[in-house]
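Chain by chain, the residues run as shown.
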Amino acid sequence: MALTAPPRDLGPTVWDGFSLLSSPRQAPVAVGGELDSATLIGAYRAGAFPWPASEADGGKVHEDDEAHGDDSDDASSGTRGGGGWLREILRAAVAARRIPHLPPHRPGGLDLPWWSPDPRAVIPIGRLRVNRTLRKRLRNCGWTTTVDERFVDVVRGCRRGGTSEWITPQLVEGYAELHALGWAHSIEVWEGDELVGGMYGVGVGGVFVGESMFRTRTDASKVALADFDARFTAAGGVLLDVQIATPHLIDLGAVEIPRADFLAVLARVRDADIRLDRDRYPVARLAPHGASGAMRGPR
């Protein structure tokens, strides 16, 4: 069994000592800084994540095609407006000291907001809800899955979906560097030798921050999520962080918890030694005949 490597220690970050407990509930908790590896991981370990404003007014995540007739799925969800109007709001909030700037001695970069919503949407590991249609897909599609075989292709696949304007070229580079350092991981879904779906995110010990998913075949992104749930369960993971709830994610088992509760779990498990199984497996193992409801195991 091939396992993912342990992440490298990135040392001090601008997030050290930063508490999110009293931060705004549905607004950026900080702005500025850079998308370098240390800043990104410092944010994820603190309970925040980047959501850059785009020129288009859109959200980070688009819901499932069954709900909206769209071809995109995402692991996390919500609406985050973009464009110049948000930057003006952020500048005013920083000037009034309602939102801190990272780091305070480097002005500018106000178009880079960092978020930590309250409540926080999570899927407890091992509790992913798989409906009858998805179980049938798992049993009959003949697909296989891998971990970390085509990370950058998965990220780019999510960006090409057309609903993830927040995945800027700078974020693609930032996540690729996190992957090289052992922090970010991808799940690939294969139809033969063709990549037909996947998801990616950032592992922080026992919490995995799901960032985005894509598919070129119906249900392939859901299959990626089901496969990840099984592998993370087997590795000892605790929570899949999906950030903001949507009806689609709730149907898959997402629940909302107070941010303070999420931060408490994160602090407890963020240094856990979690290694994902990287081997290729058939997805049919995830839906044995007679099984129903939540996912039960990796294979």
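Attention here is on the structure that accompanies the text. (Residues numbered from 1 in each chain as written. Predicted model: local features only at pLDDT ≥ 70, side-chain atom pairs only at ≥ 80, totals over all residues. Heavy atoms only, no water.)

Brief notes about the packing of aromatic side chains
Working step 1: In total, this model carries nine aromatic pairs according to the counting rule given.
Working step 2: Judged by centre distance (5.0 Å) and plane angle (65°), the rings of tryptophan 15 and phenylalanine 18 are edge-to-face.
Working step 3: Geometrically, the ring pair formed by tyrosine 175 and tyrosine 200 is edge-to-face, given 5.3 Å between the ring centres and 65° between the ring planes. Residue tyrosine 175 is located in helix 6 (residues 169-180), and its partner tyrosine 200 is located in strand 9 (residues 194-204); the two are separated by 25 residues in the primary sequence. Of the two residues, tyrosine 175 and tyrosine 200, both sit in the buried class. (Phe/Tyr/Trp six-rings, centres within 6.5 Å; stacked < 30°, edge-to-face > 60°. Helix = DSSP H or I, 4+ residues; strand = E, 2+ residues; numbered from the N terminus. Buried < 20%, exposed > 50% of the residue type's maximum accessible area, 1.4 Å probe, protein only.)

Notes on the sheet that holds strand 3 (residues 101-102)
Working step 1: Strand order across the open sheet formed by four strands is 2-4-1-3, with mixed pairing between neighbours. Across the chains shown, the open sheet's two edge strands, defined by having one partner strand only, are strand 2 (49-50) and strand 3.
Working step 2: As paired elements, strand 1 (residues 30-32) and strand 3 share two bridges and run parallel to each other. What sits directly across from glycine 32, in strand 3, is leucine 102. (Pairing = 2+ DSSP bridges.)

Regarding the environment of arginine 139
Working step 1: With respect to the secondary-structure elements, arginine 139 resides in helix 4 (residues 132-140).
Working step 2: The exposure class of arginine 139 is partly exposed, given its relative accessible area of 28%.
Working step 3: Spatially, the C-alpha atoms of arginine 139 and valine 283 are 7.2 Å apart, while their sequence positions differ by 144 residues.
Working step 4: Engagement of the side chain of arginine 139 in a polar contact is seen with the backbone oxygen of alanine 287, the distance being 2.8 Å. (Polar contact = N/O pair within 3.5 Å; in protein donor to acceptor, adjacent residues only side chain to side chain.)

Observations concerning the layout of surface pockets
Working step 1: There is about 650 Å³ of room inside the largest pocket.
Working step 2: The wall of the largest pocket is formed by 38 residues, among which Arg45, Trp183, Val204, Arg270 and Asp271 lie closest to the centre.
Working step 3: Within the residue set of the lining of the largest pocket, elements represented by two or more residues are helix 1 (37-46), strand 9 and helix 9 (259-269). (1 Å grid on protein atoms, 1.4 Å probe; cavity = no way out; pocket = protein on both sides within 12 Å on 5 of 7 lines; lining within 4 Å. Points joined across faces, edges and corners; volume = space filled by probe spheres on them.)

Details of the packing of helix 5 (residues 151-160) against helix 6
Working step 1: Contact geometry for helix 5 and helix 6: axes closest at 10 Å, N-to-C directions at 155°. If you check the angle between helix 5 and helix 6, you find them roughly antiparallel. In terms of crossing hand, the pair formed by helix 5 and helix 6 is right-handed. For the pair helix 5 and helix 6, the contacting residues are Phe151, Val152, Val155, Arg156 and Arg159 in the first and Pro169, Val172, Tyr175, Ala176 and His179 in the second. (Axes fitted to C-alpha atoms, helices over the stretch in contact; angles between N-to-C directions. Parallel < 35°, antiparallel > 145°, perpendicular 65-115°, else oblique. Left-handed = near helix turned anticlockwise from the far one by under 90°. Contact = heavy atoms within 4.5 Å.)

Some words on the sheet that holds strand 7 (residues 144-147)
Working step 1: Reading across from one edge, 12-5-11-10-9-8-7-13 is the order of the eight strands in this open sheet, with mixed pairing throughout. Single-partner strands in this sheet number two, and they are strand 12 (255-257) and strand 13 (281-282).
Working step 2: Where strand 9 and strand 10 (residues 207-215) come together, eight bridges link them in antiparallel fashion. In the sheet register, glycine 201 faces strand 10, and the bridge partner there is glycine 210.
Working step 3: Along the sheet face, helix 1 touches strand 9 and strand 10 and points at about 75° away from the line of strand 9.
Working step 4: Along the sheet, helix 7 (residues 220-235) makes contact with strand 5 (120-124), strand 7, strand 8 (184-191), strand 9, strand 10, strand 11 (239-243) and strand 13, crossing strand 10 at roughly 155°.

Everything listed here is a matter of geometry and, on its own, says nothing about what the molecule does.
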